[in-house]
2 protein chains.
Amino acid sequence: MIYKESHILILNNIARFIDLTELEKQKYLSLLTEIKVKKKAYLMQAGDVTKYEYFITKGCLKVYTLDEDGVPHISMFAVEDYWTGDMASFMTKQPSRYFIRATEDSELLGISRANYNLLFQEIPKFERFYRILYQRSLISYIRRSNHGISLTAEERYIEFKKKYPKIVNRITQKDLAGYIGITPEFMSKIISKVNRM
Amino acid sequence: MIYKESHILILNNIARFIDLTELEKQKYLSLLTEIKVKKKAYLMQAGDVTKYEYFITKGCLKVYTLDEDGVPHISMFAVEDYWTGDMASFMTKQPSRYFIRATEDSELLGISRANYNLLFQEIPKFERFYRILYQRSLISYIRRSNHGISLTAEERYIEFKKKYPKIVNRITQKDLAGYIGITPEFMSKIISKVNRM
DNA sequence: GAAAAAAAATGAACTAGTTTAAGACTTTTA
DNA sequence: TAAAAGTCTTAAACTAGTTCATTTTTTTTC
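- In the annotation of an unreviewed UniProt entry, chain A is listed under the name Crp/Fnr family transcriptional regulator and assigned to Halomarinibacterium sedimenti.

See below:
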């Protein structure tokens, strides 16, 4: 069976944790929806009830909230081979507080709530896949939540560059500031300082 | 079948997400180890390779790292009906960077790495249990990692009190400061300010 | 239940990060 | 390809949070 590139990417991602038969692969792919978002377009906005969980096959998106003063706080950048969405809204059907916006023309595969639930009935192995996926995300978010509280902004920037060297060059300094949790002005100072070192 | 109190607690915790037969309950309980820790004693220390994941049936523990200056950064407080441990070390067998220390005489149920893996073979439903458990933890850590970066210390304190009203009264101000990510001196100021309001 | 140890409060001097404002540079759009 | 919009830099005045030092209060220990 010959698969298109985006399908190869998602099947390889899943093959890290579970093995699927040809039939299961085809069944799984049939549950996905292809989605394209142009640069600057919104995949979702605060107030929406999330319909999908997403896997990115091409491009880059930012996930963020706006605080009372309208200042954006970026929760993650999602590029090829990343999963994203608002799991809280997806699970509870409550309106989301997040915006997801493309910073480049992007392509995604989405799984709807109905299909997500169906998936576990049809191919119970996916419980294992998501168990391991969430377990790993959890490990990295636990670390991030500690670092957000205990490191200085400069240390967080150095960590980010080390951990995501490929993402740094694809995003604006302003968005990086929104992720690190500081103003764009202070981000500018940190970068010029770190580059001077 | 009559179960002891600690077993009822853990079985009820699991029953939130999956249903077990009597036989499965007994099989599951047989995989657990009972552990007691006196107040101030360590359940584990940095450098150890974690042997267990824990469920607390009685007491209170703090999970923390020490930074280069020896300042503690508290990652979570675990009380009755909470799960804790160092999942990164548990999964990878790498030495942990965490300390877990009892702040009250405590009782726990531990599952060893071998039994954790066995569990999924013997009762595959547990993949689902852990999938949902990790999914929910993930949602709350994503929120916490954003708040750590975007809220002021005072806002984080107010959130903590609202979210964990029962824990606030069981821990010292110093430990709370280590969780909020500020010095004990500044914690003291915030508390007296918030109480005055 | 007295002595020792740890936690909490207070204050003054300090530093990391913000705010506001203005000018230079880069990207987008018509 | 010119104009508009957005991004980046720099700097001065400001604020949230730290550091260090001292005293008071509470908890632990024998």
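**Describing the sheet that holds strand S4 (residues 60–66) of chain B**
Residues and elements named next belong to chain B.
- Spatially, 4 strands are ordered S2-S7-S4-S5 in an open sheet, and the strand pairing comes out antiparallel. The open sheet terminates on both sides in strands that have one partner only, identified here as strand S2 (42–44) and strand S5 (72–79). Neighbour-to-neighbour, the strand axes of the sheet open up by a mean angle of 25 degrees, direction not taken into account.

**Quick word on the protein's contact with DNA strand D**
- Surveying the vicinity of DNA strand D reveals 15 residues, the closest of which are A:Gln173, A:Lys174, A:Ser188, B:Lys39 and B:Ala153.
- Take the atoms of DNA strand D that sit within 4 Å of the protein: sugar and phosphate atoms are 71% of them.
- At a separation of 3.2 Å, a phosphate oxygen of DNA strand D approaches a polar backbone atom of B:Thr183.
- Per-class residue counts for the surface near DNA strand D are 3 nonpolar, 5 polar and 7 charged.

**Describing the UniProt feature "domain: Cyclic nucleotide-binding" (unreviewed entry) in chain A**
- UniProt's feature table lists "domain: Cyclic nucleotide-binding" (unreviewed entry) at residues 16–120 of chain A, given in the numbering used throughout.
- What you have in residues 16–120 of chain A is 22% helix and 42% strand, and the ends, taken at the C-alpha atoms, are 18 Å apart.

**Focus: the relation of the copies chain A and chain B**
- Turning chain A through 180 degrees and shifting it by 0.0 Å along the axis lays it on chain B, with an RMSD of 0.0 Å. The superposition of one copy onto the other is thereby described by a two-fold rotation axis.

**Things to note about the confidence of the model for chain A**
- Considering every residue of chain A, the mean pLDDT works out to 95; 99% of them sit at 70 or more.
- Averaged pLDDT values over the elements of chain A bottom out at 92 in helix H9 (residues 184–196) of chain A and peak at 98 in strand S6 (residues 83–84) of chain A.

**So, the environment of B:Leu118**
Residues and elements named next belong to chain B.
- Here Leu-118 is to be found in helix H4 (residues 113–122).
- Taking the relative accessible area as the measure of exposure, Leu-118 reaches 28% and is therefore partly exposed.
- The sequence separation of Leu-118 and Leu-31 amounts to 87 residues, and the corresponding C-alpha distance is 8.8 Å.

**Regarding the protein's contact with DNA strand C**
- Around DNA strand C, 16 residues are found, and the nearest of them are A:Lys39, A:Glu185, B:Gln173, B:Lys174 and B:Ser188.
- Counting only atoms of DNA strand C within 4 Å of the protein, the sugar-phosphate share comes to 69%.
- Measuring from a phosphate oxygen of DNA strand C, one finds a side-chain N or O atom of A:Lys39 at 2.8 Å.
- The separation between a phosphate oxygen of DNA strand C and a polar side-chain atom of B:Gln173 is 2.6 Å.

**Let's talk about unusual backbone geometry**
- The phi dihedral of A:Lys40 is positive, around 75 degrees, even though this residue is not glycine.
- One can find A:Lys40 in the loop between strand S1 (32–37) and strand S2 (42–44).
- The backbone of B:Asp81 sits at a positive phi, close to 80 degrees, despite the residue not being glycine.

**Brief notes about the packing of aromatic side chains**
- By the definition in use, this model includes 40 aromatic pairs over all chains.
- Note on A:Phe17 and A:Phe129: the rings are 5.7 Å apart at their centroids and 35 degrees apart in plane angle, and the pair reads as tilted. In this pair, A:Phe17 is assigned in the loop between helix H1 (5–15) and helix H2 (22–30) and A:Phe129 in helix H5 (residues 125–150), connecting sequence segments 112 residues apart. The same class applies to A:Phe17 and to A:Phe129, which are both buried.
- Ring plane angle 80 degrees and centroid distance 5.2 Å describe the contact between A:Phe90 and A:Tyr116, whose orientation is recorded as edge-to-face. Of the two residues, A:Phe90 is situated in helix H3 (residues 87–92) and A:Tyr116 in helix H4 (residues 113–122); the sequence distance between them amounts to 26 residues. This pair shows no difference in class: A:Phe90 is buried, exactly as A:Tyr116 is.
- Taken together, A:Phe17, A:Tyr28, A:Phe55, A:Trp83, A:Phe90, A:Tyr116, A:Phe120, A:Phe126, A:Phe129, A:Tyr130 and A:Tyr134 form an aromatic cluster joined through their ring pairs.
- Sitting over the face of the ring of A:Phe90, A:Arg113 holds its NZ or CZ atom 5.5 Å from the ring centroid.
- Taking NZ or CZ as reference, B:Lys62 lies 5.7 Å from the ring centre of B:Tyr64, over its face.

**Details of the sheet that holds strand S7 (residues 99–102) of chain A**
Residue and element names in this part refer to chain A.
- Read from one edge to the other, the open sheet built from 4 strands follows the order S2-S7-S4-S5, with strand pairing classed as antiparallel. Single-partner strands in this sheet number two, and they are S2 and strand S5 (72–79). Taken over all neighbouring pairs, the strand axes of this sheet differ in orientation by 25 degrees on average, direction set aside.
- One ladder, built from 2 bridges, connects S2 with S7; its direction is antiparallel. In the sheet register, Met-44 faces S7, and the bridge partner there is Ile-100.

Calculation criteria
Residues numbered from 1 in each chain as written. Chains lettered and ligands numbered in written order. Predicted model: local features only at pLDDT ≥ 70, side-chain atom pairs only at ≥ 80, totals over all residues. Heavy atoms only, no water. Pairing = 2+ DSSP bridges. Helix = DSSP H or I, 4+ residues; strand = E, 2+ residues; numbered from the N terminus. Axes fitted to C-alpha atoms, helices over the stretch in contact; angles between N-to-C directions. Near = heavy atom within 4 Å. Polar contact = N/O pair within 3.5 Å; in protein donor to acceptor, adjacent residues only side chain to side chain. Nonpolar A, V, L, I, M, F, W, Y, C, P; charged D, E, K, R; others polar. UniProt positions renumbered as here; feature names shortened; annotations may be inferred. Least-squares fit on C-alpha atoms with pLDDT ≥ 70 in both. pLDDT = per-residue confidence, 0-100. Buried < 20%, exposed > 50% of the residue type's maximum accessible area, 1.4 Å probe, protein only. Phe/Tyr/Trp six-rings, centres within 6.5 Å; stacked < 30°, edge-to-face > 60°. Lys NZ or Arg CZ within 6 Å of the ring centre and 35° of its normal.

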